[in-house]
Amino acid sequence: RLDGYEDQTKEIEVKGDASPNLGSVKLERSTGTLLIASKPPGATYTVTPVNVVGFSTKSINGTSRAGGGGNKLPTGTYKVALERPGWPAFAREEVTVTRNGTTTVNHEFEEGSLSLSAQPAGAKFTMNGQATDKFPVILPPGPVQAVASLAGRPSLTNNFALEKDQQLKHDFVF
């Protein structure tokens, strides 16, 4: 048995003292499926072989889907990393793909939202230093600094501790 490959059987006929002709045996990799999903879908992923017999160390890149995208891979151990711009990266160091099996990596990028407005109208806004004019803004949970600027007036700043699934609204009054 050759680790990482399908078992092969072959019938041979032995005649007297003659050496049997075994011919050639095609090696076939053992494979399984790796499903990668994220909430929300659309995160980029990288799958890197860690311990995979006879497989290149080249990484596989893709984009996650809601139900998980399937990758048929040789059996072995892989590292899976998921990224979403503005969110902390997620990585699972040891993901094992088994023969004829399905392994799932599913990650939720937690989020909340923040909507800003100002009185009088016409203010410009930044959140964590990024200008924005479309609300609500979807953000990872954690600290958020919002700044409102209105011509001829001092800027106003407010700090928020955004939590998972929280929908905050704030009205700056100049």
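Right, let's walk through the structure included here. Here the structure is a predicted model, which means the values were calculated and not measured.

Bringing the sheet that holds strand S8 (residues 112-119) into the picture now. Ordered by their spatial adjacency, three strands build an open sheet running S11-S8-S14, and the pairing between neighbours is mixed. With one partner strand each, in any of the chains shown, strand S11 (137-139) and strand S14 (167-173) form the two edges of the open sheet. Averaged over all pairs of adjacent strands, the angle between strand axes in this sheet comes to 30 degrees, irrespective of strand direction. Pairing of S8 with S14 involves seven bridges; the strand directions are parallel.

We now examine the sheet that holds strand S6 (residues 90-97). Strand order across the open sheet formed by four strands is S3-S2-S5-S6, with antiparallel pairing between neighbours. Looking at the sheet topology across the chains shown, the edges are occupied by strand S3 (60-63) and S6. Here the average twist between neighbouring strands, direction ignored, is 25 degrees. By the bridge criterion, seven bridges tie strand S2 (residues 44-51) to strand S5 (residues 76-83) in an arrangement that is antiparallel.

All right, on to unusual backbone geometry then. Cis peptide bonds are those with omega within 30 degrees of zero, and the linkage from Gln-119 to Pro-120 qualifies with 0 degrees. At the junction of Phe-135 and Pro-136, the peptide bond is cis and its omega measures out at 0 degrees in the coordinates. Unlike most non-glycine residues, Asn-100 shows phi in positive territory, near 60 degrees. Among the structural elements, Asn-100 can be located in the loop between S6 and strand S7 (102-108). We classify Asn-100 as exposed; its relative accessible area is 62%.

As paired strands, S5 and S6 are joined by six bridges and run antiparallel to one another. Looking at the pairing, Val-80 lines up with Arg-92 of S6.

This part is about the pairing of S7. Alternating positions in S7 separate cleanly, Thr-103, Val-105 and His-107 being buried on one face and Thr-102, Thr-104, Asn-106 and Glu-108 remaining unburied on the opposite face. The sheet contact formed by strand S1 (residues 31-39) and S7 spans seven bridges and is parallel. Its bridge partner lying in S7, Thr-33 is registered against Thr-102.

With respect to the helices and strands, Ser-38 occurs in strand S1. At 2.8 Å, the side chain of Ser-38 forms a polar contact with the backbone oxygen of Pro-40. Here the side chain of Ser-38 touches Ser-64 through a polar contact of 2.4 Å, side chain to side chain. If sequence neighbours within four positions are ignored, Ser-38 has contacts with Ala-43, Ser-64, Arg-65, Ala-66, Leu-82, Asn-106, His-107 and Phe-109.

Turning next to the packing of aromatic side chains. By the definition in use, this model includes two aromatic pairs. Ring pairs connect the aromatic residues Phe-125, Phe-135 and Phe-172, which therefore count as one cluster. We note Arg-29 situated over the ring of Tyr-5; from NZ or CZ to the ring centre the distance is 4.8 Å. The ring of Trp-87 carries Arg-84 above its face, with NZ or CZ at 3.6 Å from the centroid.

Conventions adopted
Residues numbered from 1 in each chain as written. Predicted model: local features only at pLDDT ≥ 70, side-chain atom pairs only at ≥ 80, totals over all residues. Heavy atoms only, no water. Pairing = 2+ DSSP bridges. Helix = DSSP H or I, 4+ residues; strand = E, 2+ residues; numbered from the N terminus. Axes fitted to C-alpha atoms, helices over the stretch in contact; angles between N-to-C directions. Buried < 20%, exposed > 50% of the residue type's maximum accessible area, 1.4 Å probe, protein only. Polar contact = N/O pair within 3.5 Å; in protein donor to acceptor, adjacent residues only side chain to side chain. Contact = heavy atoms within 4.5 Å. Phe/Tyr/Trp six-rings, centres within 6.5 Å; stacked < 30°, edge-to-face > 60°. Lys NZ or Arg CZ within 6 Å of the ring centre and 35° of its normal.

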